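# Residue-level structure breakdown
Listed below are the residues making up each chain.
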Amino acid sequence: MAAYVIGEVEITDPQAYQEYAKGVPGTIAQYGGKYLVRGGAVDVKEGSWQPKRVVVLEFASMAQARKWYASPEYAPLLALRHKAARSKLIFVEGVS
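Since the structure is predicted, the reported quantities are computational estimates derived from the model, not experimental observations. (Residues numbered from 1 in each chain as written. Predicted model: local features only at pLDDT ≥ 70, side-chain atom pairs only at ≥ 80, totals over all residues. Heavy atoms only, no water.)

## Comments concerning the overall build of the protein chain
- Each helix and strand counted, the protein chain has 3 helices and 4 strands in total.
- Each helix and strand of the protein chain, ordered N terminal to C terminal, gives the series β-α-β-β-α-α-β.
- Taking 2.2 N^0.38 as the reference for a compact globule, 96 residues should give roughly 12 Å; the C-alpha atoms of the protein chain span a radius of gyration of 13 Å, in line with that estimate.
- Principal axes of the C-alpha set define a box for the protein chain whose edges measure 30 × 30 × 15 Å.
- Taking the contacts inside the protein chain whose residues are at least 6 apart along the sequence as the reference set, 76% of them involve residues at least 24 apart.
- Entry remark: accessible area of the protein chain is about 6,100 Å², with carbon and sulfur atoms responsible for 54%.
- Taking the average place of the 12 positive charges on the side chains of the protein chain and the average place of its 9 negative ones, the gap between the two points comes to 3 Å. (Helix = DSSP H or I, 4+ residues; strand = E, 2+ residues; numbered from the N terminus. Rg over C-alpha atoms; globule rule 2.2 N^0.38 Å. Contact = heavy atoms within 4.5 Å. Areas by Shrake-Rupley, 256 points an atom, 1.4 Å probe, with all protein chains shown as cover. Lys, Arg positive; Asp, Glu negative; His and termini not counted. Charge placed at Lys NZ, Arg CZ, Asp CG, Glu CD.)

## Quick notes on the environment of Pro76
- For Pro76, the location among the structural elements is in helix α3 (residues 75-84).
- Through-space distance from the C-alpha of Pro76 to that of Tyr20 is 9.1 Å; in sequence the pair is 56 residues apart.

## What to know about the packing of helix α1 (residues 14-30) against α3
- Between α1 and α3, the shortest axis-to-axis distance is 9 Å and the interhelical angle comes to 150 degrees. By the angle class used here, α1 and α3 are roughly antiparallel. For the crossing formed where α1 meets α3, the hand is left-handed. Contact residues: Ala16, Tyr17, Glu19, Tyr20, Gly23, Val24 and Thr27 in α1; Leu77, Leu80, Arg81 and Ala84 in α3.
- Of the residues in the contact of α1 with α3, the class split is 7 nonpolar, 2 polar and 2 charged. (Axes fitted to C-alpha atoms, helices over the stretch in contact; angles between N-to-C directions. Parallel < 35°, antiparallel > 145°, perpendicular 65-115°, else oblique. Left-handed = near helix turned anticlockwise from the far one by under 90°. Nonpolar A, V, L, I, M, F, W, Y, C, P; charged D, E, K, R; others polar.)

Okay, structure coming up:
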């Protein structure tokens, strides 16, 4: 069953975030993931949520998403993102 990584990102250091953005696609692809949403326009219809940037990734399974997130390839990029942005991130299973 597919799994999704959904992130809300507020970039605080654009230069450092650019480095992150250059490096991360290769790690996602390496673990079989792909971008479904990568910072496109947001149109809020309900509630008070005002995300700055939304990212949605798709992986073949929750296990594969977790492998990517915990991978040695992603670790230095994750540290860079933590320095360059404030983020909220969830993993959610799709429907079968």
